[in-house]
Amino acid sequence: MAGKATSAGGEFLAGCRDEAPLLLGVVPFGMIYGIAALAAGVPAWIAQLASAVVFAGAAQLVIVQMLTAGAGALPITLTSGLLNLRHVLYSASMAEYVRHLPRRWRLLLAYLLTDEAYAVAVLRYQRRAADTARAGDGPDLRHWYFLGAGFTLWAGWQLSTAAGLLFGATIPAEWELDFAVPLTFIALLTLLLRERAGRAAALVAGLGALAFAGLPYKLGLVAAILLGLLAGVWTVHRLERVERRSAV
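Keep in mind that what you see is a predicted model, and the values were worked out from it rather than measured. (Residues numbered from 1 in each chain as written. Predicted model: local features only at pLDDT ≥ 70, side-chain atom pairs only at ≥ 80, totals over all residues. Heavy atoms only, no water.)

(A) Layout of helix α5 (residues 73-83). Restricting attention to buried positions, one finds in α5 the residues I76, S80 and L83. Buried residues along α5 cover an arc of 60° about the axis, so they all sit on one side. The exposed residues of α5 that point more than 90 degrees off its buried face are L74, T77 and L78. (Buried < 20%, exposed > 50% of the residue type's maximum accessible area, 1.4 Å probe, protein only. Helix = DSSP H or I, 4+ residues; strand = E, 2+ residues; numbered from the N terminus. Arc of directions from axis to C-beta.)

Put into structure tokens, the structure is as follows:
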């Protein structure tokens, strides 16, 4: 049991370590959300609770921005739901790696499945052959790595939200923390382009954004997101079919 605990702990700490650099973009992102929530009139305790329960940075930021603009409940719900549809692609990609786990583990990892946690965890899972060769017949403990990455992101998001709520009014305007939002997603894009599904999703979504740029209310971005998701999911299923045929 001691050996297994050490291996699980090592995986957890490795996940924390590999996730940590991404916090450079996440922390300003969380502070922006906290500041924007207060500006939208959201009570601080509700804004902090949303970071713990919703735990979806882009959706949270869009929600408070739409509240500031006076949008109604229906458009806010639809927009935030569409933004989070990208997690369908993440789930499809990760399902084969975690389906052997008990339900409690799958529920916990599903809660922690964010852009940043997925980006590092999926790369760890994709190093399957090399890890198996080193580990021999030992148990697969990579879900502990996933947990470490997800927990690190979760903790960073809670702390950065709290910092934005507590100190947002004292942050100089010339710091321009808004740069953190695109910076975070550019960093993730470079990681996800290493796999075929990510490249397919990025290519189709990029072309879709250009093709539908003229649509009103920024609906072109919504269409691009949906097309990218479909392309990514289709690529995942296609690769799975090819692998099954090769195994026969």
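(B) How the structure looks around the pattern of salt bridges. Using the criterion set out here, one finds 3 salt bridges in the structure. Between R124 and E11 there is a salt bridge, and its shortest N-O distance comes to 2.7 Å. Here the residue R124 occupies a position in helix α8 (residues 115-126), and E11 occupies one in helix α1 (residues 2-19), the gap between them amounting to 113 residues. (Salt bridge = Lys/Arg side-chain N within 4 Å of Asp/Glu carboxyl O.)

(C) View of a nonpolar patch on the surface. There is a patch of nonpolar side chains on the surface, built from W45, I46, L49, V53 and V54 and spanning about 510 Å² of accessible area. Locating V54 in the fold gives a position in the loop between α3 (44-53) and α4 (57-68). (Patch = residues over 30% accessible without salt bridge, like charges linked within 9 Å, V, L, I, M, F, W, Y side chains within 5 Å. Areas by Shrake-Rupley, 256 points an atom, 1.4 Å probe, with all protein chains shown as cover.)

(D) Representation of the packing of helix α2 (residues 23-39) against helix α10 (residues 142-167) in the model. Remark: α2 packs on α10, axes separated minimally by 7 Å, with the N-to-C direction vectors making an angle of 40°. The orientation of α2 with respect to α10, classified from their angle, is oblique. Along this stretch, α2 crosses α10, giving a crossing that reads as right-handed. Mapping the contact onto sequence places L23, V26, V27, F29, G30, M31, Y33, G34, I35 and L38 in α2 and T152, L153, G156, W157, S160, T161, A163, G164 and L165 in α10. (Axes fitted to C-alpha atoms, helices over the stretch in contact; angles between N-to-C directions. Parallel < 35°, antiparallel > 145°, perpendicular 65-115°, else oblique. Left-handed = near helix turned anticlockwise from the far one by under 90°. Contact = heavy atoms within 4.5 Å.)

(E) Region of interest: the packing of aromatic side chains. By the definition in use, this model includes 8 aromatic pairs. Aromatic pair F12 and F151: ring centres 6.2 Å apart, planes at 35°, arrangement tilted. Separated by 139 residues along the polypeptide, F12 in helix α1 and F151 in helix α10 bring together distant segments of the chain. For F151, a relative accessible area of 42% translates into the label partly exposed. Ring geometry for F29 against W157: centres 5.6 Å apart, planes inclined by 90°, an arrangement best described as edge-to-face. Of the two residues, F29 sits in helix α2 while W157 sits in helix α10, which places them 128 residues apart along the sequence. Comparing F29 with W157 shows no difference in burial state: the two are buried. Put simply, the rings of F12, F151 and W154 pair up and form one aromatic cluster. If you follow R124 out to its NZ or CZ, it ends over the ring of Y145, 5.8 Å from the centre. (Phe/Tyr/Trp six-rings, centres within 6.5 Å; stacked < 30°, edge-to-face > 60°. Lys NZ or Arg CZ within 6 Å of the ring centre and 35° of its normal.)

(F) Region of the structure containing the nonpolar core. Among the nonpolar cores identified, the biggest contains 33 residues, and Y33, L61, V64, M94, L109 and F146 are the most heavily contacted of them. Not counting residues up to four positions away in its chain, the partners in contact with L109 are V98, L101, H143, F146 and L147. Counting 6 residues, the second-largest nonpolar core is a separate cluster that includes A197, L229, V233 and V236. (Core = buried A, V, L, I, M, F, W, Y, C linked by side-chain atoms within 4.5 Å.)

(G) Spatial organisation of unusual backbone geometry. We note that F55 has phi near 50°; this positive angle belongs to a residue other than glycine. You can see F55 is positioned in the loop between α3 and α4.

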